[in-house]
Structures are given as C-alpha cells and as structure tokens.
Amino acid sequence: MTNKTAQWMERSRRKRADRLTALEDKLDHRMPDRYARRRPRRVLAGAGAVTLGLLWVDAAVSWVLAPSDTAMIVNMVVLGVLLLIGIPLATQLVALTRGLTAKRERELDERQLTARLRAFATAHRASTIVIAAVLLVTMAADRDGRDSQIPGAALFLILFALLVTHIFLPLIVAAWQLTDPPPADDDDPQA
C-alpha cells in the first residue's frame, strides 16, 4: 500500500508540474509586452492598492453613516465596483507575478524565493502599520466603552478589509517590487 501511495503522490506531483509549466507558457503568451517595463507594473500594483483603499473607505463610510439607507447604497456601489474592477485586477496581478505569492516553495527557484520573502516581509510590515492605525482610530473614536454604538456593519467591513488586505497586500507588493526580466541570452553555442 505504501508503494502505491508513493507512486500516486509522484504521479500527482508530475501532473501538477506539467499543469504549472503549461500555465506559465500560456501566461508568457497572454501577458502584454507593456508589463516588461517597471512603470506599467507599478501602475498595476498602485491600482491594486487603490482598490484595497476603497474597501477601507467603505468601512469608514459605514462607520459614519450606518445604519441608514445612504450607507447601504454606498456599500453596495463600492462592493459592486470592487467586484467589477478588483477581480480582474487581482487576476492580472497574479499573472504578472506568475503566482509568486501563491505557489508552493518547492515550485519556486532561488530568485523567486528571495522575491517572495522580500514581498511578504514588506507586506507584513505594512499590514502591521494598518492594524495599528485601525486600533488607534477605533480606540480614539470609541470613548463610550460598553455604551458604544459602533455599527455592526462597520465592524464587519473593517474586519473584512483587514482580511482582504492581509491576503492581497503581498501580491501587490510583489508586483511593485518585481524586477525586470533578465535579458535574452544571445550566446547560442550552436550558432
């Protein structure tokens, strides 16, 4: 039974590696050449950061206006915009970084592992700052203690924004920090 399990696991690893190789080839053909330069990649990463910021604006609006119809309308509009813009943007960022933040460590080479570690370290520091800021703002705004009347929708949206920030900030940072691809090797030994 152990031998069959080992064979099955090896076959599974090979199939995954083949799928990843095919996906990498597909991404190479689909990714526009304009992202070969740093500025367009940083514009895309900036758009991702602005999209994350929109979640925080939504939470702040809910805090100030909830419970009201205006808060609900603003919330639905912002969430609609996030669905229409955020999902394709996240897909572009994943394609741009070649899944750097999502792949298993053994599927990355040394250069990619270094880039991933750098992106996660930077995103961790930024997330810590965001969490500290949320904590300070919440403590300053909520002076009533047990009698506090913080809207439940605002608390939910703050926690949701924290979760999404925690998940997507490494991806945005990785896209921002992405280095230019190495130049093509013109030294062909058979030429």
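Sequence order as written defines residue numbering, which begins from 1 separately in each chain. Under the rules for a predicted model, residues below a pLDDT of 70 receive no local features and side-chain atom pairs below 80 are neither given nor counted, while totals for whole chains, interfaces and linings still include all residues. Note that the side-chain values use all heavy atoms of the structure and ignore hydrogens as well as water.

The helix and strand inventory of the chain stands at five helices and zero strands. Per the convention used, a helix needs a DSSP run of H or I reaching at least four residues, while a strand needs a run of E reaching at least two, with both numbered from the N terminus. Going from N to C terminus, the chain has its helices and strands arranged as α-α-α-α-α. Within the chain, the proportion of its 191 residues that are buried is 27%. Of all intrachain contacts in the chain linking residues separated by at least 6 positions in sequence, the fraction that spans at least 24 positions is 83%. Computed with a 1.4 Å probe, the accessible areas rest on the Shrake-Rupley method; for each residue, only the protein chains presented here act as cover. Of the roughly 13500 Å² that the chain leaves accessible, carbon and sulfur atoms contribute 63%. Relative accessibility under 20% of the residue-type maximum defines a buried residue, over 50% an exposed one, and the middle range a partly exposed one, all with a 1.4 Å probe and only protein chains included. Two residues form a contact once any of their heavy atoms are found within 4.5 Å.

This part covers the nonpolar core. Side chains that are nonpolar tend, in soluble globular proteins, to be buried together. Remark: nonpolar core denotes a set of buried residues (Ala, Val, Leu, Ile, Met, Phe, Trp, Tyr, Cys) joined through side-chain atoms within 4.5 Å. Ranked by size, the top nonpolar core spans 22 residues in total, and within it L44, L52, L55 and L93 carry the most contacts. Secondary-structure elements contributing two or more residues to this core are α2 (38–65), α3 (69–97), α4 (110–141) and α5 (152–177). Not counting the four nearest positions on each side in its chain, L55 is found in contact with L82, F160, A161 and V164.

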